[in-house]
Amino acid sequence: TEWKGDINGDTAVTFDVSGVYGYHCTPHQSAGMVGLVLVGDVTQEQIDAAKGVRQRGKARSRYEDYFAMAEEMLG
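As a starting point, this report considers the structure included with it.

1. Remarks on the packing of aromatic side chains
In total, this model carries 4 aromatic pairs according to the counting rule given. Considering the side-chain rings of Trp3 and Tyr23, the 5.9 Å spacing of their centres and the 45° angle between planes classify their relative orientation as tilted. Taken together, the residues span a long stretch of sequence, with Trp3 in the segment before strand 1 (19-24) and Tyr23 in strand 1 at a distance of 20 residues. We classify Trp3 as partly exposed; its relative accessible area is 39%.

Here you go:
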């Protein structure tokens, strides 16, 4: 489900389902303003599925770094 926040405002999102959630700033996604949220007991399969989402520009390298950190956390 999509969620939106106000510019320079706080946003609260509740994740009810375990998994891997990517998010981005719409106007700045290609500049790398992205993030990754891991919820609950994340599996390697969930990370692999999330890696399959096509990314462009700086976002691609940022997500690669985030996925590497996530895999390190899984051990």
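2. Here's the deal with the pattern of salt bridges
Taken as a whole, this structure holds 1 salt bridge when the rule is applied. Two residues, Glu71 and Lys51, come together in a salt bridge whose shortest N-O distance is 2.7 Å. Of this pair, Glu71 sits in helix 2 (residues 57-74) while Lys51 sits in helix 1 (residues 44-51), placing them 20 residues apart in sequence. Given the relative accessible area of 26%, Glu71 is considered partly exposed.

3. Topic: the layout of surface pockets
Here the largest pocket is characterised by a volume of approximately 1,100 Å³. Around the largest pocket sit 33 residues that line it, and Trp3, Lys4, Tyr23, His24 and Cys25 are the ones nearest its centre. Mapped onto the lining of the largest pocket, the elements with two or more residues apiece are strand 1, strand 2 (34-39) and helix 2. Broken down by element, the residue count for the lining of the largest pocket peaks at 5 residues, all from strand 1. Of the residues that constitute the lining of the largest pocket, the class distribution is 17 nonpolar, 12 polar and 4 charged.

4. Examining the nonpolar core
Core analysis: the biggest nonpolar cluster contains 9 residues, these being Val20, Val34, Val42, Ile47, Ala50, Ala59, Tyr63, Phe67 and Ala70. Of all the secondary structure elements, the ones that give two or more residues to this core are helix 1 and helix 2. With residues near it in sequence (within four places) discarded, Ile47 still touches Val20, Val42, Phe67, Ala70, Glu71 and Leu74.

Analysis parameters
- Position numbers for residues start from 1 in each chain and track the written sequence from start to end.
- pLDDT decides what is reported in this predicted model: residues at 70 or higher carry local features, side-chain atom pairs at 80 or more are listed and counted, and totals for whole chains, interfaces and linings draw on all residues regardless.
- Side-chain metrics in this entry use all non-hydrogen atoms of the structure; hydrogen atoms and water are not considered.
- Each Phe, Tyr or Trp ring (for Trp, its six-membered ring) is paired with any other whose centre lies within 6.5 Å, and the angle between the two planes then decides the class: stacked below 30 degrees, edge-to-face above 60, tilted in between.
- Think of it this way: any DSSP run of H or I at least four residues long counts as a helix, any run of E at least two long counts as a strand, and we number them from the N terminus.
- Think of it in three bands: with a 1.4 Å probe and only protein chains considered, a residue is buried below 20% of the maximum accessible area for its type, exposed above 50%, and partly exposed in between.
- By definition here, a salt bridge exists when the distance from a side-chain nitrogen of Lys or Arg to a carboxyl oxygen of Asp or Glu is within 4 Å.
- With a 1 Å grid spanning the protein atoms alone, the term cavity applies to any set of points in which a 1.4 Å probe fits but cannot get out, the term pocket to an open set with protein on both sides within 12 Å along at least five of seven lines, and the term lining residue to any residue with an atom within 4 Å of a point.
- Grid points are joined across faces, edges and corners, and a volume is the space filled by probe spheres set on the points.
- Here the nonpolar group is Ala, Val, Leu, Ile, Met, Phe, Trp, Tyr, Cys and Pro; Asp, Glu, Lys and Arg are the charged ones; every other residue, Gly included, is treated as polar.
- We call a set of buried residues a nonpolar core when its members are Ala, Val, Leu, Ile, Met, Phe, Trp, Tyr or Cys and they connect through side-chain atoms within 4.5 Å of each other.
- Contacts are assigned to residue pairs that have any heavy atoms within 4.5 Å of one another.

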